[in-house]
Amino acid sequence: MSSMKNKDSIGHVRGESIFVDDINLREGTLHALVFDAPIAHGIIKKIDYTEAKSVKGVIKILDYKDIPGKNQIGGIIPDETLFAENEVHFMGQPIALIIAETLAIAKKARQLIKIDLEEMPAVTSTKEAFEKASFINAPRTFTLNDTSKGFEESVYIFTGETFTNGQEHLYLETQASYTIPLENGNLKIFSSTQGPTSVQATAARVLNIPMHKIEVEVNRLGGAFGGKEDQATPWAVMTALAAQILNKPVKMVLERHDDMRMTGKRHPYESSFKIGLDKNLKIKAYEVDFYQNSGAAADLSPAIAERTLFHATNSYYVKSAKFTVYSCKTNLPPNTAFRGFGGPQGMFVIEAAIAKAAKELNIPVRKIQEANLLQENDEFPYGQIAKQVEISNTWHQVKETYDLAKKEKELTLFNSKNQNYKKGISLMPITFGISFTNTPMNHARALIHVYHDGSIGVSTGAVEMGQSVNTKMLQIAAQFFGLNESKVKIETTNTTRIANMSPSAASATADLNGKALLKACNQIKERLIKVVAEKLPINGSDDINFQNNFVLVNGKRTSLAWEDLIKSAFIKRISLSEHAHYATPKIHFDKAIEKGHPFAYHVYGTALTTVTVDCIRGTYEIDSVEIVHDFGKSMNKGIDMGQVEGGLVQGIGWMTMEEISYDEQGRLLSNSLSGYKVPDIFSVPKEIKVEALETKGVDMAILKSKAVGEPPLMYGIGTYFAIQNAITAFNPNYSLAFDAPMTPEKVLMGLYENYS
Ligand code: LUZ
Ligand code: MOS
């Protein structure tokens, strides 16, 4: 069963899987379209819907005045309206909702809305926002020991600046929702969201009704990557509002262009670092100021900023550290969660600092990396003591398995023989903490029904978004009860079956929901054992299990079949349903002192990247990425491997080709797939090898199978430094700019910078 395929694969291939846009529409369904801000910052002087309303088939145009509850959708900080009131803060900010009989009619009406705005200056750059003291919240600082002492102990001190750009989520399914009014003012919202409870709670606040009147149903998402952790909510709330007001079903699926314009992305970061090393290359002190471009409202920015601090030292032990993050408020769409959640932005900077030090000292980067790899019982700057550390193991296994010494020799030879092509190499270690950094979010529930024919239905708070979490849930229940997978059904994610969910995020979905499910399975088993005892001669010390549809006693198959056991239990009026709750034990964090033990465990790994740069054209190919990854004990190799490959390629895209671009007026220029390049089959590494590190696994992970969603994205950072390495081989005068993504244009400029 550990090779069980994603249970959606056949449906996906046949086009039968149901996404929001595929739901059979109820009679009378209306279609909604957002009218949004045409400028990035300004005062709304006048808005005139008269002409738009006169279009035949336009039912209603709603704006903030129609909201019965609060016009407020902010999660962490209440600083974001559903519809703009007097002022707009970013281009694409929703102002009104057009509801019409068809989408085509709504689009026609949208062009006829007249708006009169007084334009105000737009701030788009992080630094400008910083200089104007335009912030989302107060800065956060993590410190470990005294950096001024650390710098005194250092013989080498280097400083530098870095930039990493944003990233478009580009989920295949755009933001989508469909709300059906039920009786007594109740509503059912189908939403493409990672956070069904966020949708429910926010809709309740805006519509001024209790949460129990709102049912949120999620079948599956066509991708999310963080882009639907917070930002699926407004669209769902809008259709709910329209359905409440009109008492009609209302559907809205954003067109790609609207989705790209109106939604936030990965946060761009500017950073400045200072690193100090002693003569043995040990990092004695490391300081960073991180400037996050948060956009026009908080969204998840404060939590993302926090995770940047948690991962600022990546896989290294740093003796003294001081990091500050500023969440800078700009007139861009609020930036949001994206696979890695600020971690990649933090990790890029220390890799840059190490690369800079290596260049200045004229030694290989890996010497500095290797000298500082985290060891057992080292303290992270946030106070957690590193346990079951596997980073050195993955690092050395990469070097041996993929024969780094031989590779480096071949590379030197290649570079000496070729004038117009140069190869570059890098090692990228990753250490990623698993748990929501906000401790109260780390809990989940599962509901299991064993029907009296022996088939099982499982509900959890996990949202299937292509990561195959439902397949993992199915595997847990089927394995536990020794049943064929066809006997277990994973139900939709629905707020009436599972309440108060945390979003499916933080790589923790399978751990949290899977542990709750295991608990529910165990509780049912406890009750079933009583029935077994009446049918078979067992005693209390016997080990009862299930396998191949039969009850096992002490590992031996009995004559008692699963169906017969369930039938007997039902006749004996024993409950065959269970609802269980799991909360991650041991974790805590004290924000007053910025210390604690926030993570259940860490995931480790190392990637070896080899690239070839065409030094005439500035183009490059990724020859190979060779990885040793710490899966713990993978419960499903195929699925986990898919996450490693997908994450890697997404990380490479972020680091090399995906270039978000806004003009100075805050208009998104990279607003379509012709202007925004994502990795395709031609740009992925020619070879990807992934080897699993042999470990005992950790108990905090589900079935000892470690979280795998986000960590592999950060292997992509290695590509940036491998390309730099190749540029330097061609042009020793290259100044090693840390300005991601490393597009071919930048490569070309680097190749010929002060070239002699
Ligand atoms: N979402 C969140 C996340 O709310 N908290 C987190 O710590 C987190 N980490 C990664 C991805 N999403
Ligand atoms: Mo997230 S960045 O939705 O795990």
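Note that the structure is predicted; figures quoted are calculated from it, not measured.

A. Focus on the overall build of the chain. Each helix and strand in the chain was counted, giving 19 helices and 30 strands. Computed over the C-alpha atoms, the radius of gyration of the chain is 27 Å, within 12% of the 27 Å expected from 2.2 N^0.38 for a compact globule of 756 residues. Dimensions of the chain, computed from C-alpha atoms along their principal axes, come out at roughly 85 × 80 × 50 Å. Looking at the chain as a whole, 61% of its 756 residues qualify as buried. For the chain, the accessible area works out to roughly 29,000 Å², and carbon and sulfur atoms hold 51% of it. Separation between the mean location of the 81 positive side-chain charges and that of the 85 negative ones in the chain comes to 4 Å.

B. Representation of the packing of helix H15 (residues 509–535) against helix H16 (residues 562–571). One can describe the packing of H15 onto H16 by two numbers: an axis separation of 10 Å at closest approach and a directional angle of 100 degrees. The orientation of H15 relative to H16 falls into the category roughly perpendicular. Contact with H15, carried on its side by Leu 528, Val 531, Val 532 and Lys 535, involves Trp 562, Leu 565, Ile 566, Ser 568 and Ala 569 of H16 and no other residues of that element. Its residues assigned to classes, the contact of H15 with H16 comprises seven nonpolar, one polar and one charged.

C. Here's a closer look at a nonpolar patch on the surface. On the surface, Ile 616, Leu 748, Met 749, Tyr 752 and Tyr 755 cluster together into a nonpolar patch covering about 490 Å² of accessible area. Structurally, Met 749 is set in helix H19 (residues 744–751). The class for Met 749 is exposed, based on a relative accessible area of 59%.

D. Representation of the packing of aromatic side chains. Summed over the entire model, instances satisfying the criterion amount to 27 aromatic pairs. Seen from their ring centres, Phe 348 and Tyr 720 are 5.1 Å apart, and the 85 degrees between their planes marks the pair as edge-to-face. Highlighted residues: Phe 348 in helix H10 (residues 343–361) and Tyr 720 in helix H18 (residues 717–730), separated in sequence by 372 residues. Judged by its relative accessible area of 0%, Phe 348 falls in the buried class. Residue class for Tyr 720 comes out buried when judged on its relative accessible area of 0%. Between Phe 481 and Phe 546, the aromatic rings sit 5.8 Å apart at their centres with planes inclined by 55 degrees, giving tilted as the arrangement. Here the residue Phe 481 occupies a position in helix H14 (residues 469–481), and Phe 546 occupies one in strand S21 (residues 544–547), the gap between them amounting to 65 residues. Side by side, Phe 481 and Phe 546 carry an identical accessibility label, which is buried. An aromatic cluster of three or more residues is present, and its members are Phe 142, Phe 310, Phe 380, Tyr 382, Phe 589 and Phe 599. Its guanidinium or amino end placed over the ring of Tyr 291, Lys 127 lies 4.9 Å from that ring's centre, counting from NZ or CZ. The lysine or arginine in question, Lys 274, covers the ring of Phe 151, its NZ or CZ lying 4.3 Å from the ring centre.

E. Seen up close, the packing of H10 against H18. Two elements in contact, H10 and H18, have axes separated by 10 Å at closest approach and are oriented at 25 degrees. Regarding the angle of H10 to H18, the classification is roughly parallel. Viewed along their axes, H10 and H18 form a crossing whose handedness is right-handed. The segment H10 lies against H18, with Pro 344, Met 347, Phe 348, Glu 351, Ala 352, Ala 355 and Lys 359 engaging Ile 717, Tyr 720, Phe 721 and Thr 728. A breakdown of the residues in the contact of H10 with H18 according to their chemical character gives eight nonpolar, one polar and two charged.

F. Molecular detail of the side chain of Asn 731. Locating Asn 731 in the fold gives a position in the loop between H18 and strand S30 (739–740). Look past the residues within four positions of Asn 731 in its chain and what remains in contact with it is Gly 750, Leu 751, Tyr 752, Glu 753, Asn 754 and Tyr 755.

G. Spotlight on the site of ligand 1. Taken together, Glu 229, Arg 307, Phe 341, Phe 436, Thr 437, Met 441, Ala 505, Ala 506 and Glu 710 make up the full set of residues near ligand 1. One of the side-chain nitrogen or oxygen atoms of Glu 229 is found 2.8 Å away from a nitrogen atom of ligand 1. A distance of 2.9 Å separates a nitrogen atom of ligand 1 from a polar side-chain atom of Arg 307. In isolation ligand 1 exposes 290 Å². Once the protein is present, 97% of that is buried. Among the residues making up the shell around ligand 1, the classes are represented as five nonpolar, one polar and three charged.

H. Quick peek at the sheet that holds S21. Reading across from one edge, S21-S22-S23 is the order of the three strands in this open sheet, with antiparallel pairing throughout. Each of the sheet's edge strands pairs with one partner strand only, and the pair in question is S21 and strand S23 (556–561). Across this sheet, the average inter-strand angle for adjacent strands is 40 degrees, counted without regard to direction. One ladder, built from four bridges, connects S21 with strand S22 (residues 550–553); its direction is antiparallel. Counted as the bridge partner of Phe 546 is Val 551 from S22. Relative to S23, H16 is tilted by about 50 degrees, and along the sheet it contacts S21, S22 and S23.

I. Looking closely at the nonpolar core. One finds Tyr 286, Phe 290, Phe 323, Tyr 601, Ile 717 and Phe 738 to be the most contacted residues of the largest nonpolar core, which totals 102 residues. Top contributing element to this core by residue count: H10, with 10 residues. Setting aside chain neighbours within four positions, we find Phe 323 in contact with Arg 140, Thr 141, Phe 142, Tyr 286, Val 288, Phe 290, Leu 309, Ala 312, Thr 313 and Pro 381.

J. Looking closely at H19. Along H19, the residues that are buried comprise Lys 746, Val 747, Gly 750 and Leu 751. Viewed along the axis of H19, the buried residues span an arc of 140 degrees, placing them on a single side of the element. The exposed residues of H19 that point more than 90 degrees off its buried face are Glu 745 and Met 749. Residues of H19 that are buried make contact with strand S27 (601–614), strand S28 (620–629), H18 and S30.

K. Spotlight on the sheet that holds strand S2 (residues 42–48). A sheet is described by the order of its strands in space; here three strands give the open sequence S4-S2-S6, paired in antiparallel fashion. A strand with exactly one partner marks an edge of an open sheet, and here the two such strands are strand S4 (87–88) and strand S6 (114–119).

L. Geometry of the pairing of strand S17 (residues 443–450). Counting buried residues along S17, six of its eight residues qualify, which places the element largely inside the surrounding structure. Where S17 meets strand S24 (residues 577–583), seven bridges bridge the pair, whose relative direction is antiparallel. Directly across from Ala 444, in S24, lies its bridge partner Tyr 582. In this sheet, strand S18 (residues 456–460) lies alongside S17 in antiparallel orientation, the contact comprising five bridges. Of the residues in S18, the one forming a bridge with His 449 is Gly 457. Hairpin connection, S17 to S18: the antiparallel pair is bridged by five residues, and Gly 454 has positive phi, about 95 degrees.

M. Local environment of the pattern of salt bridges. Enumeration over the complete set of coordinates arrives at 38 salt bridges. Note that Glu 215 and Lys 188 form a salt bridge whose closest N and O atoms lie 3.5 Å from each other. Linking Glu 215 in strand S11 (residues 214–218) with Lys 188 in strand S10 (residues 187–191), this pair joins segments that are 27 residues apart in sequence. Asp 640 is the salt-bridge partner of Lys 472, the closest N and O atoms lying 2.7 Å from each other. Taken together, the residues Lys 472 in helix H14 and Asp 640 in helix H17 (residues 637–656) connect sequence positions 168 residues apart. Each member of the pair Lys 472 and Asp 640 is classed as buried.

N. Broad picture of the domain arrangement of the chain. Each assigned domain of the chain is listed here: domain 1 (27–120 + 175–253), domain 2 (269–437 + 592–751) and domain 3 (443–583). Taken together, the contacts link 22 residues of domain 2 with 20 residues of domain 3. With both chains or domains summed, domain 2 and domain 3 bury close to 1,500 Å², and 60% of this area falls on carbon and sulfur atoms. When the buried area of domain 2 at its contact with domain 3 is split by residue, Phe 436, Met 635 and Ile 702 rank highest and sum to 43% of it. Counting across the interface, domain 2 meets domain 3 through one salt bridge. Here domain 2 is connected to domain 3 by seven residue pairs in polar contact (both at pLDDT 80 or more). Secondary structure elements with two or more residues in the side of domain 2 that touches domain 3: strand S16 (421–434) and H17. Here the side of domain 2 that touches domain 3 gets three residues from one element, more than from any other, and that element is H17.

How each quantity is defined
- Residues numbered from 1 in each chain as written.
- Chains lettered and ligands numbered in written order.
- Predicted model: local features only at pLDDT ≥ 70, side-chain atom pairs only at ≥ 80, totals over all residues.
- Heavy atoms only, no water.
- Helix = DSSP H or I, 4+ residues; strand = E, 2+ residues; numbered from the N terminus.
- Rg over C-alpha atoms; globule rule 2.2 N^0.38 Å.
- Buried < 20%, exposed > 50% of the residue type's maximum accessible area, 1.4 Å probe, protein only.
- Areas by Shrake-Rupley, 256 points an atom, 1.4 Å probe, with all protein chains shown as cover.
- Lys, Arg positive; Asp, Glu negative; His and termini not counted.
- Charge placed at Lys NZ, Arg CZ, Asp CG, Glu CD.
- Axes fitted to C-alpha atoms, helices over the stretch in contact; angles between N-to-C directions.
- Parallel < 35°, antiparallel > 145°, perpendicular 65-115°, else oblique.
- Contact = heavy atoms within 4.5 Å.
- Nonpolar A, V, L, I, M, F, W, Y, C, P; charged D, E, K, R; others polar.
- Patch = residues over 30% accessible without salt bridge, like charges linked within 9 Å, V, L, I, M, F, W, Y side chains within 5 Å.
- Salt bridge = Lys/Arg side-chain N within 4 Å of Asp/Glu carboxyl O.
- Phe/Tyr/Trp six-rings, centres within 6.5 Å; stacked < 30°, edge-to-face > 60°.
- Lys NZ or Arg CZ within 6 Å of the ring centre and 35° of its normal.
- Left-handed = near helix turned anticlockwise from the far one by under 90°.
- Near = heavy atom within 4 Å.
- Polar contact = N/O pair within 3.5 Å; in protein donor to acceptor, adjacent residues only side chain to side chain.
- Pairing = 2+ DSSP bridges.
- Core = buried A, V, L, I, M, F, W, Y, C linked by side-chain atoms within 4.5 Å.
- Arc of directions from axis to C-beta.
- Domains from an automatic or database assignment.
- Buried area = accessible area lost by both parts, 1.4 Å probe.

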